[in-house]
Amino acid sequence: MKTKQYLIIGNSAAAIGCVEGIRQLDKTGAVTIVSREAHHTYSRPLISYLLSGKTDRQRMRYRDADFYETYGVAPLLGRTALSLDPAQKTIALDDGQTLPYDKLLVATGSVPFVPPMEGLDLVSKKFTFLSLDDADALAAAVTADSRVLIVGAGLIGLKCAEGLSGQAGSLTVVDLAPQILPSVLDEGAAALVQAHIERQGVRFLLSISAARFENGAAHLTDGSTVPFDVLVLAVGVRPSVSLAREAGAAVGRGLITDEYMRTNLPGVYAAGDCTESFDITSGERKPLALLPNAYLQGETAGLHMAGGGKPFCTAMPMNAVGFWGLHIVSAGSYAGDAYIKCEGEHYRKLVCRDNLLQGFILIGDVLRAGIYTALIRDRVPIDTIDFELIKDKPGLIAFSRRDRQKKLGVKPA
Ligand SMILES: Cc1cc2nc3c(=O)[nH]c(=O)nc-3n(C[C@H](O)[C@H](O)[C@H](O)COP(=O)(O)OP(=O)(O)OC[C@H]3O[C@@H](n4cnc5c(N)ncnc54)[C@H](O)[C@@H]3O)c2cc1C
């Protein structure tokens with residue numbers, strides 16, 4: 001039988017999930033990874049820890065140094081895929097090579113979204129914060145007396161602020177939204193986290209945006225100005241779809257796939273941040289730029305490319321993140337009846353709708369958050385568990401004996 005040719009564009013969570021999925025079923029097929037970034041696979045969320053010096057290039061690897069060898073992968077790193085020809089089943093690279101495939105995974109991730117802003121072209125020290133190279137460039141530009149302005153109070157902007165903490169003269173974060181982390185937290189939780197971050201010396205300017213940049217200062221929509229030396233643009237990200245779209249792939253809010261991660265192009269799959277997912281908690285199709293989601297989608301694609309597998313239909317927003325030692329775990333959506341408890345820096349919100357837990361936010365005490373995540377993911381009806389018991393103390397004890405045994409992997413008697 002002819003050896004299958006697997007080709008993967010991307011070298012991050014979705015791509016690695018795909019390799020590991022393929023190798024569960026096909027030990028001999030030829031697997032090639034093409035990645036624009038010239039680095040070994042690394043954990044993207046750790047770039048802020050690289051910036052702060054809490055990790056280094058070795059420790060932030062997403063897989064061991066011998067991963068490509070062990071999994072029989074040919075890595076083409078530092079190479080960009082320029083075009084995809086679905087009729088010929090080939091991709092063209094920036095060095096003039098054409099690579100054939102039987103099965104292709106597009107795992108191109110996200111690109112930073114930078115809205116048009118007057119005067120931005122003339123700002124010399126401006127950065128985005130999405131990659132290891134971005135972190136290196138920023139580290140080289142910031143000095144102990146730099147005034148850093150970060151536009152965007154979402155996860156990436158705040159992670160950047162944390163990474164620069166103690167290394168810059170001042171840190172100011174400006175955002176059009178009235179609260180920080182608007183896609184992750186509700187208002188109450190956001191206020192608590194904001195206060196915690198302010199205590200670390202970060203200044204927030206919310207409900208305001210930069211109208212224009214001129215003479216080393218941002219002129220804000222309320223008429224005030226913020227002088228800065230270094231500007232970080234962390235307004236948001238968009239799925240990186242252009243390569244596949246130009247080849248005829250269907251695109252909604254990201255590349256559209258079925259539950260096996262197949263696109264509408266024969267033999268072409270897509271996974272990770274470049275796709276749109278079906279969020280089981282809101283019923284919406286939307287990009288879910290999350291590492292575990294990217295890995296699971298990639299694995300699903302890999303298994304199916306190799307001739308087997310099962311559908312992936314449990315996507316939902318999920319975050320486990322910390323800022324200056326304050327832990328946050330959240331998942332799902334927040335429309336429904338809410339139970340809220342707030343004590344100091346501890347916050348707990350559980351949201352129920354249609355007899356199901358639909359979402360939660362935990363701040364501070366995040367122990368056993370996985371129990372809530374499992375309740376959402378497994379669509380466990382609330383009236384089948386002791387919900388009162390787990391509102392404050394999540395634990396398996398709230399489940400029926402049968403469900404407890406199932407979750408613990410015990411065979412029922
Ligand atoms: C600062 C920061 C903090 C984050 N924190 C969290 C967190 O706490 N929790 C969480 O779940 N997620 C977090 N994320 C998001 C997480 O990193 C992403 O969801 C995840 O990396 C997506 O993986 P991916 O494989 O889809 O794409 P990406 O990681 O974006 O990788 C895309 C890959 O495609 C390659 N590529 C793109 N275009 C081409 C091309 N044309 N040719 C060749 N190669 C190409 C790139 O080189 C790269 O290897 C964070 C992200 C950032 C930036």
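Rules of the game
- Residues numbered from 1 in each chain as written.
- Predicted model: local features only at pLDDT ≥ 70, side-chain atom pairs only at ≥ 80, totals over all residues.
- Heavy atoms only, no water.
- Near = heavy atom within 4 Å.
- Polar contact = N/O pair within 3.5 Å; in protein donor to acceptor, adjacent residues only side chain to side chain.
- Areas by Shrake-Rupley, 256 points an atom, 1.4 Å probe, with all protein chains shown as cover.
- Helix = DSSP H or I, 4+ residues; strand = E, 2+ residues; numbered from the N terminus.
- Nonpolar A, V, L, I, M, F, W, Y, C, P; charged D, E, K, R; others polar.
- Pairing = 2+ DSSP bridges.
- Axes fitted to C-alpha atoms, helices over the stretch in contact; angles between N-to-C directions.
- Contact = heavy atoms within 4.5 Å.

Draft legend 1. Broad picture of the site of the ligand. The ligand sits among 32 residues. The nearest are Ser12, Arg36, Arg44, Ala81 and Asp273. Here an oxygen atom of the ligand and a side-chain polar atom of serine 35 are 2.9 Å apart. Look at the ligand: alone it shows 1,000 Å² of surface, and the protein chains cover 93% of it. A total of 3 residues in the shell around the ligand trace back to one element, the largest contributor, which is helix α8 (residues 291-305). Considered class by class, the residues forming the shell around the ligand number 18 nonpolar, 9 polar and 5 charged.

Draft legend 2. How the structure looks around the sheet that holds strand β22 (residues 326-332). Judged by pairing direction, the sheet is antiparallel, and its 5 strands sit side by side in the order β21-β22-β25-β24-β23 without closing on themselves. Both outer strands of the open sheet, β21 (318-323) and β23 (337-343), are each paired with one neighbouring strand and no more. Here the strands of the sheet are splayed against their neighbours by 10 degrees on average, with no regard to which way each runs. For strand β24 (residues 346-353) and strand β25 (residues 356-363), the ladder comprises 7 bridges, and the chain directions are antiparallel. Bridge pairing in β25 places valine 351 opposite glycine 359. Sheet contacts for helix α9 (residues 369-377): β21, β22, β24 and β25; angle to β25, the most-contacted strand, approximately 155 degrees.

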